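# Structural characterization, general
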Amino acid sequence: MQGSLDKVDIGILVLYSCVLIVMGVYYKRKCRTAEQFMVADRSIPAWAAGLAVMSAYTSSISYIATPGMAYDSNWHPMIFALCIFPVAWLVCKYAVPYYRKTRLISVYSFLEERLGAWGRVYAALSFLLYMMGRVAVILYLVSLLLSTFVTWNIGGLILIIGLVTIVYTLLGGMEAVIWTDVMQSVIMIAGILFCAVILSCRVFSGPEPLIAAAVEHSKFSFGSLKPSLNNAQGLLSNRTILVMIIFGVTENLRNLLADQNYVQKYCSVPTEYQAKRSIWIAMLIYIPLTAVFLYIGTTLFAFYGQGSELVNVPGMLNAEGKVIGDKVFPYFIATELPAGLKGLIIAAIVAAAMSTVDSALNCSATVLLLDFYKRYFNPKVGERGSMAFLRLATIVWGVLGTGLGLVMIRAESALNVWWQISGIFGGGMLGLFILSLLKVRLRLWQGLVSVGASIAVISWGSFMRDSFLNKFNLQIKESWKWAECNLDVVIIGAAGTAALMTVACLFGLTNRKQETPG
């Protein structure tokens with residue numbers, strides 16, 4: 001699968017790259033303290049922070065993987081987006097006022113106040129691993145797109161983009177991150193809407209519209225109505241609405257309540273009201289945008305004759321002879337869009353990826369400084385030392401994320417892999433925040449046992465299944481079939497959250513009874 005870029009497309013990409021670098025250099029001059037690097041002195045307007053939060057939700061994961069998911073299966077990711085409404089209300093009602101009142105920068109300091117140092121360390125470490133996985137998936141997806149237009153392999157592109165992004169991130173702090181997010185968000189939205197219009201003209205025209213094929217194959221379905229949490233075969237089309245509701249509520253709650261990447265952005269505004277407003281701006285853009293991404297995947301299925309026109313395209317099929325959904329939209333961009341627009345959309349996707357990655361690296365560096373280095377190793381570190389550490393941490397975490405991105409090359413569905421990563425590393429973290437809000441008191445050993453229960457359940461759900469063991473030419477013995485996990489992989493994190501909260505609440509009730517005078 002090989003497309004090409006015209007001179008005008010290359011010019012747009014070069015110009016866009018230069019604009020990003022100039023913005024980074026400009027904001028580097030204003031980034032002189034650690035607080036400016038982390039929260040931009042809390043001077044960002046609500047609308048800009050909202051676009052930045054929305055950008056963190058979308059990035060190249062939505063641009064490539066969400067249409068790929070709709071092409072492979074149906075509209076079940078829309079359930080995830082719709083679950084944002086109740087979650088955003090809860091976060092604005094209960095979490096944002098506290099975060100703003102305490103003027104926190106690291107959201108995990110909240111856990112230390114309520115649970116103790118162990119809660120802060122565990123959640124911060126989970127976040128860092130989670131961000132590494134996010135960086136890897138994003139770098140893989142944007143490299144997958146670029147490999148459509150250049151002769152280099154995906155591995156080389158991942159290394160180059162990872163290196164460029166690490167260097168760019170060092171130029172500016174959170175202010176540079178947010179304003180580049182604003183710029184790329186506008187271009188991204190315009191580009192994706194234009195693609196949707198072009199595809200609509202193609203699939204709805206003629207006496208026998210192509211879109212009819214998508215309807216016949218239930219491509220607009222939100223998933224199965226069965227009251228089941230299982231998906232032993234791992235088929236995306238078998239994913240139930242109940243599974244997506246559980247995943248949508250827990251994952252969106254983790255994003256807005258317990259994820260430094262989101263909290264740090266809406267805490268960079270001046271007031272509590274503006275923080276709440278930025279969240280709603282982000283969500284009210286993200287939800288319809290998700291529908292557009294899914295619509296593009298569905299119309300691509302119809303446009304390419306349910307995949308029959310793609311079987312002879314080199315590199316488009318997996319080992320089982322099926323079309324790889326993540327590669328369909330890049331192929332459409334490469335072969336169907338006119339010069340100029342092609343370059344603009346590719347620039348938007350690349351910028352979205354780089355902007356999201358630099359945000360992830362910025363937040364990871366913040367957590368490493370505040371939750372580990374300054375908390376345990378050098379509490380008296382000055383501004384100069386803090387800035388040096390923030391930049392060093394950015395480099396280290398960028399290198400690790402880039403290395404993991406190389407591993408992603410073997411993934412068949414990037415969005416599915418991303419959902420698994422986010423569930424595994426985010427499950428226990430969300431449980432700790434809910435316990436903190438409920439003011440459940442735990443002793444150190446009780447907290448460690450609760451976290452251990454969560455890790456045990458997540459490990460069981462991740463590894464005790466044939467779909468995982470088959471990758472290593474292994475399988476579960478017949479005598480151990482009773483212990484096999486058949487839960488849908490995307491709710492493994494939710495199962496870990498439930499395990500942690502169940503054990504912790506039992507400990508909390510025991511502690512309360514012991515404290516009550518008899």
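Now for a quick tour of the structure. (Residues numbered from 1 in each chain as written. Predicted model: local features only at pLDDT ≥ 70, side-chain atom pairs only at ≥ 80, totals over all residues. Heavy atoms only, no water.)

## Focus: the overall build of the chain
The criterion, for reference: Going along the chain from the N terminus, every DSSP run of H or I of four or more residues is numbered as a helix, and every run of E of two or more is numbered as a strand. Type-normalised accessible area, obtained with a 1.4 Å probe on protein chains alone, sets the label of each residue: buried when under 20%, exposed when over 50%, and partly exposed for intermediate values. In this analysis, two residues are considered to be in contact whenever any of their non-hydrogen atoms come within 4.5 Å of each other. Only the protein chains shown count as cover for residues, with accessible areas throughout obtained via the Shrake-Rupley method and a probe of 1.4 Å.
Along the backbone of the chain there are 20 helices and 0 strands. The 518 residues of the chain split such that 60% are buried. The contacts in the chain between residues at least 6 apart in sequence include a share of 84% that link residues at least 24 apart. With the model as given, the accessible surface of the chain reaches about 20900 Å², and the carbon-plus-sulfur share is 66%.

## Concerning helix H11 (residues 241-258)
Filter applied, for reference: Multiplying 1.5 Å by the helix residue count minus one yields the expected span of that helix.
Helix length check: H11 (18 residues) gives 25 Å between terminal C-alpha atoms against 26 Å at 1.5 Å per residue, within 8%. For H11, a buried count of 14 out of 18 residues is recorded, marking the element as mostly surrounded by other parts of the structure.

## Some words on helix H7 (residues 117-146)
Count 3.6 residues to each turn of an α-helix, and residues three or four apart come out pointing the same way. The end-to-end C-alpha distance of H7, which contains 30 residues, comes to 44 Å, matching closely the 44 Å that a straight helix rising 1.5 Å per residue would cover. In terms of residue burial, H7 counts as a mostly covered element, since 26 of its 30 residues are buried.

## Side note on a nonpolar patch on the surface
We count it as follows: Think of a patch as exposed residues, more than 30% relative accessible area, with no salt bridge, where like charges cluster within 9 Å and nonpolar side chains (Val, Leu, Ile, Met, Phe, Trp, Tyr) cluster within 5 Å. By definition here, a salt bridge exists when the distance from a side-chain nitrogen of Lys or Arg to a carboxyl oxygen of Asp or Glu is within 4 Å.
Residues Leu82, Phe85, Phe222 and Leu284 make up a contiguous nonpolar surface patch of roughly 340 Å² in combined accessible area. Residue position: leucine 82 is located in helix H4 (residues 77-82).

## Quick look at the environment of aspartate 181
The residue aspartate 181 is located in helix H9 (residues 174-203) in this model. The exposure class of aspartate 181 is buried, given its relative accessible area of 0%. In this structure, the C-alpha to C-alpha distance between aspartate 181 and threonine 356, residues 175 residues apart in sequence, is 7.7 Å. Apart from the residues within four sequence positions on either side, aspartate 181 is in contact with Ala52, Ser55, Lys265 and Ser355.

## Brief notes about the layout of surface pockets
Remark: the empty space left among the atoms is shown by a probe the size of a water molecule rolled over them. This is how the line gets drawn: Using only the protein atoms, space was sampled on a 1 Å grid; points where a 1.4 Å probe fits but cannot get out form cavities, open sets with protein on both sides within 12 Å along at least five of seven lines form pockets, and lining residues are those with an atom within 4 Å of a point. Grid points are joined across faces, edges and corners, and a volume is the space filled by probe spheres set on the points.
The space that makes up the second largest pocket amounts to roughly 510 Å³. Along its surface, the second largest pocket is lined by 20 residues, and Ser17, Leu146, Ile161, Val350 and Met354 are the ones closest to its centre. Taken together, the elements giving at least two residues each to the lining of the second largest pocket come down to helix H1 (7-30), helix H8 (154-171) and helix H15 (341-377). With 7 residues, H1 is the largest single contributor of residues to the lining of the second largest pocket.

## Things to note about the side chain of threonine 394
Short version of the rule: Polar contacts here mean pairs of N or O atoms no more than 3.5 Å apart (in protein, one a potential hydrogen donor and the other a potential acceptor; neighbouring residues in sequence count only if both atoms are side-chain atoms).
Positionally, threonine 394 belongs in helix H16 (residues 383-407). Here the side chain of threonine 394 touches leucine 390 through a polar contact of 2.8 Å, landing on its backbone oxygen. In this view, threonine 394 contacts Phe37, Ile166, Thr169, Leu170, Leu361 and Ala365; residues no more than four positions away in its chain are not counted.

## Brief notes about the nonpolar core
The condition is simple: Among the buried residues, those of types Ala, Val, Leu, Ile, Met, Phe, Trp, Tyr and Cys that are joined through side-chain atoms within 4.5 Å form a nonpolar core.
In terms of nonpolar packing, the biggest core is built from 171 residues, with Val91, Tyr99, Tyr108 and Phe433 touching the most fellow members. Ignoring sequence-local partners within four residues, the contact set of tyrosine 108 consists of Arg120, Ala123, Ala124, Phe127, Ala258, Asp259, Gln260, Val367, Asp371, Met429 and Phe433.

## Looking at the packing of aromatic side chains
Note the cut-off: Pairs were defined over the aromatic rings of Phe, Tyr and Trp, the Trp ring being its six-membered one, requiring ring centres within 6.5 Å. Orientation was assigned from the angle between planes: stacked under 30 degrees, edge-to-face over 60, tilted for the rest.
Using the criterion set out here, one finds 19 aromatic pairs in the structure. Consider the rings of tyrosine 57 and tyrosine 286, whose centres lie 4.7 Å apart with planes at 45 degrees: the pair is tilted. Note that tyrosine 57 is positioned in helix H3 (residues 46-72) and tyrosine 286 in helix H13 (residues 272-303), a separation of 229 residues in sequence. Each of the two residues, tyrosine 57 as well as tyrosine 286, counts as buried. Seen in terms of ring centroids, tryptophan 480 and tryptophan 482 are 5.6 Å apart; in terms of plane orientation they differ by 25 degrees. Their pairing is stacked.

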